[in-house]
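Topology and contacts: notes
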Amino acid sequence: MSYPHLLAPLDLGFTRLANRVLMGSMHTGLEDGRRHFTALAAYFAERARGGVGLMVTGGFAPNIAGWTKPFAGTLATTAAARRHREVTQAVHAEGGRIALQILHTGRYGYHPFIVAPSRIKSPITPFTPFELSARGIERQIRAFVRCAQLAREAGYDGAEIMGSEGYLINQFLVTHTNRRTDEWGGSYENRMRFAIEVVRRTRAAVGPDFILIYRLSMLDLIPDGSSWPEAVQLAKAVTAAGATIINTGIGWHEARVPTIATSVPRAAFAWVTQKMRRELRAAGLTIPLVTSNRINTPEVAEQVLADGCADLVSLARPLLADAEFVNKARAGRAQDINTCIACNQACLDHAFKNELATCLVNPRAARETQIVIRATPQRRRYAVVGAGPAGLAAATTLAERGHAVTLYEASPQIGGQFNMAKRIPGKEEFHETLRYFGRRIEATGVELKLGTRVSAEQLIEVRPDAVIVATGVRPRDPKIPGQDAPQVLSYVDVLLHGKPVGERVLIVGAGGIGFDVAEFLATPAGHSPTLSLPEWLAEWGVADPAQVRGGVVRPQPAAAARRVTLLQRKSGKLGRNLGKTTGWIHRAALAMKEVEMVGGVNYERITPQGLWVTYGEARRDGQLIECDTIVLCAGQEPLRELHAPLQAAGLAVHLIGGAHEAAELDAKRAIDQGVRLAATL
Ligand code: FAD
Ligand code: NAP
Ligand code: SF4
């Protein structure tokens, strides 16, 4: 398939972009330290080589007040601009284009020097902002302008002014955060003055031949956010003030609607950009618009553009997952793209935990200088046992390097536990990882032996140069008296073997798998595997912003399929260890399905009527919780019987993934371990 809309060049008058892919801004953490600039240059150069039309850096603050956190990446001096030259030169050497994002966090900053239009604390940081004086406002505008000038000095092709997601510019725009009574508050004319002054003065300072992207919040998803006429007025005004391109922002960080998580349907918000594009075209404005959020395949990107939703698509995480996305699409190799599954586990979760971002499906992302896949000088024979994420990553990386690899898998399909994960409503994207690895096995020439539970004796007979044991885990036995009863199932019985489950269900264990099983069992059959876009929007209370200010209404979840109760022994909130940026979504989704959550429980015994429990250390208030089915999700233990006999036979053996360590295992660790080991063998 060719992608005529996606791959069409875009003429901006003073310059031409090679195609319609904009790499959206992502904070990797490499922006925050001088010592990371070489790594940052390698990261962007790889994506420029991959064919992206225009890239936007992670946010750089124009001054200290605008920091995301103490000592965050800042571009405010000529010395700093000089350091950026390493990045811009590396990108230009690959024929790429790059713009610097100017991000002033306002009241969202995680430090005590934050400023905002009004002294109103945000729910996502512990700090209360200082209210800006009129002179303070002038200082912030000048900082934006200076930052854009320095970006130009540093060799950037443009700058993106971050005006969405609830950051400073957005805070000026809405009464939720702007209660001023001077010329910067009150009427909408006044509230948008800050945004317009930033764009107008920046354009005047950088000249006409510098790309200025304005990221405009088209749907705030907060109750007193912008109205649609206000958003349209702003788009027209930033165009008149000198913006070259308008990018779409969806949702403030404090919004209670997921906007990029895996359960969000693909291209779920392209209609918002389309609505704006129609307004601007009707007014005779031809400024290119970028649409964003959950566009992760060339097919979806092409469709969005063919439907007239936008002139460009913003791909951010998909380019972490695969730097070659555009080149592969151009070469008709879309099936070879390593697709972003929107898990947030290694990108956004890392950024919010102050760790360097990377990608669950591509551990080389933002580690390009650390993990280097080199052709082997000496071809060896490797046996990899287990085709779960760890084994798949190891086998295909070894084969890519030129080794002879045999991959043994006991079940009739590759994927290990991903074959259960992909069945969870909202986790359908996990199919893509299995499709990708399937293609990689073919392309790299791994010899795959499905339906082969290989034994130590067989491996000893084959005598490869080394064995990589990636046999994963077995479910932990919680040893509850009476658990052998027929109404007691494991998550494997439910998710893999499709065993029947009654109307009233208790789930023992509230880790990632307990939560997923609750979602699976509480979701009505018709709502799985995928909610349609209108159903999803209704479920989360997203409305047309032309009808409702901010675009949020009361959520209308479908009735639950079953009565589900999730139990854990620890007291306190359930799901505490779920993803930093997605845990709240899982909790909210289960709350909408009226899943009951109970902590501090002791499991005493199982009888035909249900589960007898007591509470707390004192084992008080003994009680029978009646149910039809009990599903055990009590964690996992490593499965590594092969290890000792292989070692005893003198074979070199490596343990990876769940077979190495089951505690706190996830696919991020499994794939990372597989790739890193294979890169060094
Ligand atoms: P496994 O995936 O367990 O694979 C091991 C493989 O080895 C299996 O296919 C098995 O058949 C095979 N095998 C075992 N013994 C032999 C033998 N002797 N010969 C041949 N083959 C053998 N992780 C995340 O990061 N994010 C998520 O959102 C997520 N959701 C999940 C949802 C569910 C419902 C489940 C069950 C898991 C989820 N996980 C998630 C966890 C993730 O799937 C695991 O961390 C990951 O699969 C571990 O990879 P692995 O390769 O170590 O082991
Ligand atoms: P887990 O997260 O370790 O949770 C195990 C649960 O079982 C806990 O609630 C624990 O709570 C309980 N438990 C532990 N020992 C028990 C025992 N002896 N008897 C009864 N209950 C016991 O493990 P998991 O849910 O099996 O998930 C496995 C891995 O897959 C996790 O590490 C997770 O990261 C990954 N995963 C991730 C996601 C995701 O969305 N990121 C989704 C699914 C799975 P108490 O000890 O308090 O009872
Ligand atoms: Fe996408 Fe997950 Fe990788 Fe982030 S970590 S880029 S969400 S696959």
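Here goes a summary of the coordinates provided. Everything numeric here is computed off the predicted structure, so don't read it as measured data.

Calculation rules
- Residues numbered from 1 in each chain as written.
- Chains lettered and ligands numbered in written order.
- Predicted model: local features only at pLDDT ≥ 70, side-chain atom pairs only at ≥ 80, totals over all residues.
- Heavy atoms only, no water.
- Salt bridge = Lys/Arg side-chain N within 4 Å of Asp/Glu carboxyl O.
- Helix = DSSP H or I, 4+ residues; strand = E, 2+ residues; numbered from the N terminus.
- Buried < 20%, exposed > 50% of the residue type's maximum accessible area, 1.4 Å probe, protein only.
- Pairing = 2+ DSSP bridges.
- Axes fitted to C-alpha atoms, helices over the stretch in contact; angles between N-to-C directions.
- Contact = heavy atoms within 4.5 Å.
- Core = buried A, V, L, I, M, F, W, Y, C linked by side-chain atoms within 4.5 Å.
- Expected span 1.5 Å × (residues − 1).
- Near = heavy atom within 4 Å.
- Polar contact = N/O pair within 3.5 Å; in protein donor to acceptor, adjacent residues only side chain to side chain.
- Areas by Shrake-Rupley, 256 points an atom, 1.4 Å probe, with all protein chains shown as cover.
- Nonpolar A, V, L, I, M, F, W, Y, C, P; charged D, E, K, R; others polar.
- 1 Å grid on protein atoms, 1.4 Å probe; cavity = no way out; pocket = protein on both sides within 12 Å on 5 of 7 lines; lining within 4 Å.
- Sits in = over half its atoms within 2 Å of the grid points.
- Points joined across faces, edges and corners; volume = space filled by probe spheres on them.
- Phe/Tyr/Trp six-rings, centres within 6.5 Å; stacked < 30°, edge-to-face > 60°.
- Lys NZ or Arg CZ within 6 Å of the ring centre and 35° of its normal.

This part covers the pattern of salt bridges. For the coordinates displayed, the defined rule picks out 35 salt bridges. The residue Glu 368 makes a salt bridge to Arg 47 at a minimum N-O spacing of 2.9 Å. Within this pair, whereas Glu 368 is found in the loop between helix 12 (348-352) and strand 13 (381-385), its partner Arg 47 is found in helix 1 (residues 37-49), the two being separated by 321 residues in sequence. Each member of the pair, Glu 368 together with Arg 47, is buried. The network of salt bridges with shared partners includes Arg 266, Arg 294, Glu 429, Glu 432 and Arg 435.

Both faces of strand 16 (residues 466-469) are covered, namely the face carrying Ala 466 and Ile 468 and the face carrying Val 467 and Val 469. By the bridge criterion, 3 bridges tie strand 16 to strand 27 (residues 653-655) in an arrangement that is parallel. Within the sheet, the bridge partner assigned to Val 467 lies in strand 27 and is Val 653.

Excluding glycine, residues mostly carry a negative phi; peptide bonds, for their part, are mostly trans. A positive phi angle, close to 55°, is found at Lys 479, a residue other than glycine. Residue position: Lys 479 is located in the loop between strand 17 (473-475) and strand 18 (488-490). For Glu 664, which is not a glycine, the phi torsion comes out positive at approximately 55°. Within the secondary structure, Glu 664 sits in the loop between strand 27 and helix 22 (667-680).

Below, the discussion takes up the sheet that holds strand 21 (residues 596-598). In space, the 5 strands of this open sheet follow the order 18-25-19-20-21, with parallel pairing throughout. Each having just a single partner strand, strand 18 and strand 21 make up the two edges of the open sheet. This sheet shows a mean twist of 25° between the axes of neighbouring strands, independent of strand direction. Each of strand 19 (504-508), strand 20 (563-567), strand 21 and strand 25 (629-632) is contacted by helix 18 (residues 512-522), which is oriented at about 175° to strand 20, the strand it contacts most.

The next thing to look at is the sheet that holds strand 27. An order of 15-14-13-16-27 is seen for the 5 strands of this open sheet, with the pairing classed as parallel. Whereas interior strands pair on both sides, the edge strands pair on one side only; in this sheet they are strand 15 (447-449) and strand 27. The sheet shows a mean angle of 20° between the axes of neighbouring strands, direction not considered. Here strand 13 pairs with strand 14 (residues 404-408) via 5 bridges, running parallel. Counterpart to Ala 383 in the pairing with strand 14 is Thr 406. With respect to the sheet, helix 13 (residues 389-400) is in contact with strand 13, strand 14 and strand 16, its orientation differing from that of strand 14 by roughly 160°.

Our next topic: the nonpolar core. In this structure, Phe 194, Tyr 214, Leu 234 and Met 276 are the most contacted members of the largest nonpolar core, which totals 161 residues. When residues no more than four places from it in sequence are discounted, the contact partners of Phe 194 are Ile 137, Gln 140, Ile 141, Phe 144, Leu 168, Ile 169, Phe 172 and Trp 184. Within the second largest apolar cluster, 25 residues are counted, among which are Val 494, Val 505, Ile 507 and Leu 590.

This part is about helix 18. Along helix 18, 9 of the 11 residues are buried, which leaves the element largely enclosed by surrounding structure. Among the residues of helix 18, Gly 514, Phe 515, Asp 516, Val 517, Ala 518, Glu 519, Phe 520, Leu 521 and Ala 522 are the ones counted as buried. On the buried face of helix 18, the contacting elements are helix 17 (491-495), strand 19, strand 20, helix 20 (583-592), strand 21 and strand 25.

Attention now moves to helix 3 (residues 134-153). Note on helix geometry: an α-helix contains 3.6 residues per turn, so any two residues three or four positions apart are oriented the same way. Counted at 1.5 Å a residue, the expected span for helix 3 with its 20 residues is 28 Å, and the 29 Å between its end C-alpha atoms agrees. Within helix 3, the full set of buried residues consists of Gly 136, Ile 137, Gln 140, Ile 141, Ala 143, Phe 144, Val 145, Cys 147, Ala 148, Leu 150 and Ala 151. Buried positions along helix 3 lie against helix 2 (78-93), strand 5 (98-102), strand 6 (115-116), strand 8 (158-163), helix 4 (168-173) and helix 6 (193-206). Gly 155 lies just past helix 3 and shows a positive phi near 100°.

Taken together, 34 residues lie near ligand 1, and Gln 345, Glu 409, Lys 427, Gly 658 and Ala 667 sit nearest. Contact distances for ligand 1 include 2.9 Å between an oxygen atom and a backbone N or O atom of Gln 417. Within the backbone of Ala 667, a nitrogen or oxygen atom sits 2.8 Å from an oxygen atom of ligand 1. For ligand 1, whose unbound accessible area comes to 990 Å², protein coverage reaches 91%. Split by residue class, the shell around ligand 1 holds 18 nonpolar, 10 polar and 6 charged.

As a further point, take the site of ligand 3. Every residue lining ligand 3 is accounted for by Arg 317, Leu 320, Cys 340, Ile 341, Ala 342, Cys 343, Asn 344, Ala 346, Cys 347, Cys 359 and Leu 360. Taking a 2 Å distance to the grid points as the criterion, the majority of the atoms of ligand 3 fall inside the largest cavity. When the residues that make up the shell around ligand 3 are grouped by side-chain class, the tally is 9 nonpolar, 1 polar and 1 charged.

Attention now goes to empty space enclosed by the protein. Under the counting rule described, the total for this entry stands at 3 cavities of 30 Å³ or more. Size it by volume and the largest cavity reaches roughly 90 Å³. Taken together, 14 residues form the lining of the largest cavity, with Cys 340, Cys 343, Cys 347, Cys 359 and Leu 360 sitting closest to its centre. Across the lining of the largest cavity, the residue classes tally to 10 nonpolar, 3 polar and 1 charged.

A separate point is the packing of aromatic side chains. Counted by the stated rule, this structure contains 11 aromatic pairs. Between Trp 67 and Phe 71, the ring centres sit 5.3 Å apart and the planes meet at 45°, which makes this aromatic pair tilted. Given the relative accessible area of 9%, Trp 67 is considered buried. With centroids separated by 6.4 Å and ring planes inclined at 75°, the aromatic side chains of Trp 184 and Phe 194 adopt a geometry described as edge-to-face. Pair noted here: Trp 184 is in the loop between helix 4 and helix 5 (188-191) and Phe 194 is in helix 6, with a separation of 10 residues, a long-range link. Taken individually, Trp 184 and Phe 194 each receive the classification buried, so the pair is uniform in this respect. Joined through ring pairs, the aromatic side chains of Phe 144, Phe 172, Trp 184 and Phe 194 make up one cluster. A cation over an aromatic ring shows up here: Lys 275 above the ring of Trp 228, its NZ or CZ 5.6 Å from the ring centre.

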